[in-house]
Amino acid sequence: MATIELDDVQSNVLRGFRHTEALPHVAYSLLGFTAKDTARAFLAEAAALATSCTAWNALAKQAGDERFVWNLGFTYEGLLKLGFDARAQFPNGPVTDSLQFGSFTGYAAFALGARQRAHGLGDVGESAPANWQAPYQRLDLHAVVSLSAWAPDGIAAARGRLGAMLARHATGVTEIACELGNALDRGAEHFGFADGIGQPYVEGSDLEPLPGELDRGGDPVPSGEFVLGYPAAFDAKPPCDVQGENLMQPLTLSRLRNGSFLVFRKLREDVVRFRSWVAEQATRTKMPEELFAARLVGRWRSGAPLALAPTQDDPELGRDPLRNNDFDYAADGDGFKTPFGAHIRRANPRNDPTGPTPPQIAGRRVIRRAVPYGPPLPEGSADDGIERGILFVAINADIERQFEFVQTNWLNNTLSSNRLTLEADKDPLVGANDAGNGKFVIPGPNGPCFVWNLPRFVTVRGAAYFFLPGLHELRQLGSGTA
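Residues numbered from 1 in each chain as written. Predicted model: local features only at pLDDT ≥ 70, side-chain atom pairs only at ≥ 80, totals over all residues. Heavy atoms only, no water.

## With respect to empty space enclosed by the protein
Here comes step 1: Under the definition given, this model contains three cavities of 30 Å³ or more.
Here comes step 2: A volume near 870 Å³ is recorded for the largest cavity.
Here comes step 3: Every residue lining the largest cavity is counted, 36 residues in all, and those nearest its centre are Asp195, His343, Ala347, Arg368 and Phe392.
Here comes step 4: Of all elements in the fold, only strand S5 (260-269), helix H12 (343-347), strand S7 (389-396), helix H14 (400-411) and strand S10 (458-468) reach the threshold of two or more residues within the lining of the largest cavity.
Here comes step 5: With five residues, the top contributor of residues to the lining of the largest cavity is H14.
Here comes step 6: Class assignment for the residues of the lining of the largest cavity results in 19 nonpolar, six polar and eleven charged.
Here comes step 7: In terms of residue class, the lining of the second largest cavity is built from four nonpolar, five polar and two charged. (1 Å grid on protein atoms, 1.4 Å probe; cavity = no way out; pocket = protein on both sides within 12 Å on 5 of 7 lines; lining within 4 Å. Points joined across faces, edges and corners; volume = space filled by probe spheres on them. Helix = DSSP H or I, 4+ residues; strand = E, 2+ residues; numbered from the N terminus. Nonpolar A, V, L, I, M, F, W, Y, C, P; charged D, E, K, R; others polar.)

## Quick word on the packing of helix H2 (residues 36-47) against helix H7 (residues 152-168)
Relative placement of two packed helices is described by the angle separating their axes and the distance separating the axes.
Here comes step 1: One can describe the packing of H2 onto H7 by two numbers: an axis separation of 10 Å at closest approach and a directional angle of 155°. Judged by the angle between their axes, H2 and H7 are roughly antiparallel. Viewed along their axes, H2 and H7 form a crossing whose handedness is right-handed. Taken together, the residues of H7 that come into contact with H2 (itself represented by Phe42, Glu45 and Ala46) are Leu162, Met165, Leu166 and Arg168.
Here comes step 2: Taken together, the residues of the contact of H2 with H7 sort by class into five nonpolar, no polar and two charged. (Axes fitted to C-alpha atoms, helices over the stretch in contact; angles between N-to-C directions. Parallel < 35°, antiparallel > 145°, perpendicular 65-115°, else oblique. Left-handed = near helix turned anticlockwise from the far one by under 90°. Contact = heavy atoms within 4.5 Å.)

## A word on the layout of surface pockets
Here comes step 1: Approximately 500 Å³ is the volume attributed to the largest pocket.
Here comes step 2: Elements with a contribution of two residues or more to the lining of the largest pocket: helix H1 (11-14), strand S1 (25-33), strand S2 (68-74), strand S3 (143-149) and strand S6 (367-373).
Here comes step 3: In terms of residue count, S6 provides more of the lining of the largest pocket than any other element does, five residues in total.
Here comes step 4: For the lining of the largest pocket, the per-class residue count stands at 17 nonpolar, ten polar and five charged.

## Let's talk about the pattern of salt bridges
Here comes step 1: For the structure shown, the criterion picks out 23 salt bridges.
Here comes step 2: We note a salt bridge from Arg159 to Glu175, for which the minimum N-O separation is 2.6 Å. Taken together, the positions of Arg159 in helix H7 and Glu175 in strand S4 (residues 173-182) put the pair 16 residues apart, joining distant regions of the chain.
Here comes step 3: Residue Glu175 is classed as partly exposed on the basis of its relative accessible area, which comes to 32%.
Here comes step 4: One connected set of salt bridges, linked through shared partners, spans Arg117, Glu400 and Glu404. (Salt bridge = Lys/Arg side-chain N within 4 Å of Asp/Glu carboxyl O. Buried < 20%, exposed > 50% of the residue type's maximum accessible area, 1.4 Å probe, protein only.)

## Side note on the side chain of His169
Here comes step 1: With respect to the helices and strands, the residue His169 is situated in the loop between H7 and S4.
Here comes step 2: For His169, a relative accessible area of 11% corresponds to the buried category.

## Considerations on the environment of Arg461
Here comes step 1: Relative to the elements of secondary structure, Arg461 occurs in strand S10.
Here comes step 2: What makes Arg461 buried here is its relative accessible area of 18%.
Here comes step 3: Along the sequence, Arg461 and Ala128 sit 333 residues apart, while their C-alpha atoms lie 8.5 Å from each other.
Here comes step 4: What Arg461 contacts, discounting residues up to four positions off in sequence, is Asn131, Trp132, Gln133, Tyr136, Lys266, Arg268, Tyr373 and Glu387.

## Looking at the side chain of Lys439
Here comes step 1: With respect to the helices, strands and loops of the structure, Lys439 is situated in strand S8 (residues 438-442).
Here comes step 2: Lys439 gets classed as buried once you look at its relative accessible area, which sits at 8%.
Here comes step 3: A polar side-chain atom of Lys439 sits 2.7 Å from a polar atom in the side chain of Asp425.
Here comes step 4: The residues touching Lys439, leaving out its near neighbours within four places in the chain, are Leu422, Ala424, Asp425, Lys426, Phe450, Val451, Trp452 and Leu454. (Polar contact = N/O pair within 3.5 Å; in protein donor to acceptor, adjacent residues only side chain to side chain.)

## Section: the confidence of the model for the chain
Here comes step 1: Mean pLDDT over the chain works out to 89, with 90% of the residues at or above the 70 mark.
Here comes step 2: Counted against residues more than four places away or in other chains, residues 87-104, with its pLDDT under 50, gives 50 contacts.
Here comes step 3: pLDDT under 50 marks residues 236-251. Its contacts with residues more than four places away, or in other chains, come to 42 contacts. (pLDDT = per-residue confidence, 0-100.)

## Side note on H7
Here comes step 1: With 17 residues, H7 should reach 24 Å at 1.5 Å per residue; the first-to-last C-alpha distance of 25 Å fits that figure.
Here comes step 2: Taken together, the buried positions of H7 are occupied by Gly154, Ile155, Ala158, Leu162, Met165 and Leu166. Within H7, the buried residues cover an arc of 100° as seen down the axis, which keeps them to one side. Across H7 from its buried face, at more than 90 degrees, point the exposed residues Pro152, Ala167 and Arg168.
Here comes step 3: Tucked into the core, H7 has its buried residues touching S1, H2, S2, S3 and S4. (Expected span 1.5 Å × (residues − 1). Arc of directions from axis to C-beta.)

## Let's talk about the nonpolar core
Here comes step 1: In terms of nonpolar packing, the biggest core is built from 122 residues, with Leu14, Trp70, Phe74, Phe110 and Phe292 touching the most fellow members.
Here comes step 2: The contacts of Phe292, once residues within four sequence positions are left out, are Trp277, Val278, Gln281, Ala282, Thr285, Met287, Ile442 and Val451. (Core = buried A, V, L, I, M, F, W, Y, C linked by side-chain atoms within 4.5 Å.)

## A closer look at H14
Because an α-helix packs 3.6 residues into every turn, residues spaced three or four apart end up facing the same way.
Here comes step 1: For H14, spanning twelve residues, the distance from its first C-alpha to its last is only 14 Å, which falls clearly below the expected 16 Å at 1.5 Å a residue.
Here comes step 2: Within H14, eleven of the twelve residues are buried, which leaves the element mostly enclosed by the surrounding structure.
Here comes step 3: When H14 is considered as a whole, its buried residues turn out to be Glu400, Arg401, Gln402, Phe403, Glu404, Phe405, Val406, Gln407, Asn409, Trp410 and Leu411.

Below you can see the structure in the form of structure tokens.
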């Protein structure tokens, strides 16, 4: 088993992501660099506060509302601004059509950035980059300081420290925007479903696995799927540009070690549309409204999976982290319990007889972090005009092979199950159903129930890709000696 150097890995890679330990308050400070030397001086100061996985362990055992967790990441353009002329290493540009099974393609996706990758992910129509919010339109989005805390006072304390640093280095660093998120009641998102339950168990993470986190063979996900420099599910080959130049030159393997890549997506949830459409379809299909909604997601609002509670919610099961993730679809080859197109079955088709094999799934896992933003909308309320949604984060070692593959092929296409056959078979919750022509099938012993004309419930408001260096490399970036 690989032993991860946890004192060098930033904590938001391997800590605080499980349902039982996720921190309820977050702030993502988006930064732009305007002068290299001043930006590095800021970074040298900010790097000293960065929280490792080892430090997270100690913080979690302490008391006090002012505790906070501090992590840093950089866009590709941000690394360039710090003085790394990566483009000189591949003048012909990085490969764009590099979905090559078993190869390291994540660096190319990172270099191109979230805006250029958006169309292939289904970010079209309202979700297209042209419609993103202003901070994500900017080419000078260079870094993120990711803050999380156990209490609001922790965020306030961290924001105070950051504000003082920014004031001292105002000639070289500016805050473009700050995204704030807070957990809702029961750990739910705005549609009302308990969130963040199904996570992978990472080999060498020094955590105890919860039931259901190991794969069905009892194995952890290899550490190299999330932390660079360790064995992965597939042998990673350095990516090359069209001339065969090594794209790893600007970030050599030694400098990548203990780093990871962070996918950030701000997702607006149309709560009123979701509630009214679910009520309308439940009436049309003569199905209890809560059951119909659960079949779209694959879980009841409590978090109880349909795989274990197919006809009636079990809130006690939903609240139990020792049981609510311990299931698969091996005995549900007909989809009578969990429909093939349900959100959680598509996102992780665990042991699905109609889906990818376990080895094919092993290289597609991500660590998922998501915290709501905006106030909850009371049941029965009309649209109040306030935006609300999810600040979504995915941690992975290879953006294209992991996050982008799942988004493109399992959520917005049909490769998660051979029972999904039409282009309209997109994820009913987060799929790119922009034209309102989505399709969802609920199999049953008396024949399938077809649901047509799904609208889009979740809209992308902005996105960015960040590199999370190991702490040693982070300090080197600040000192200018990297």
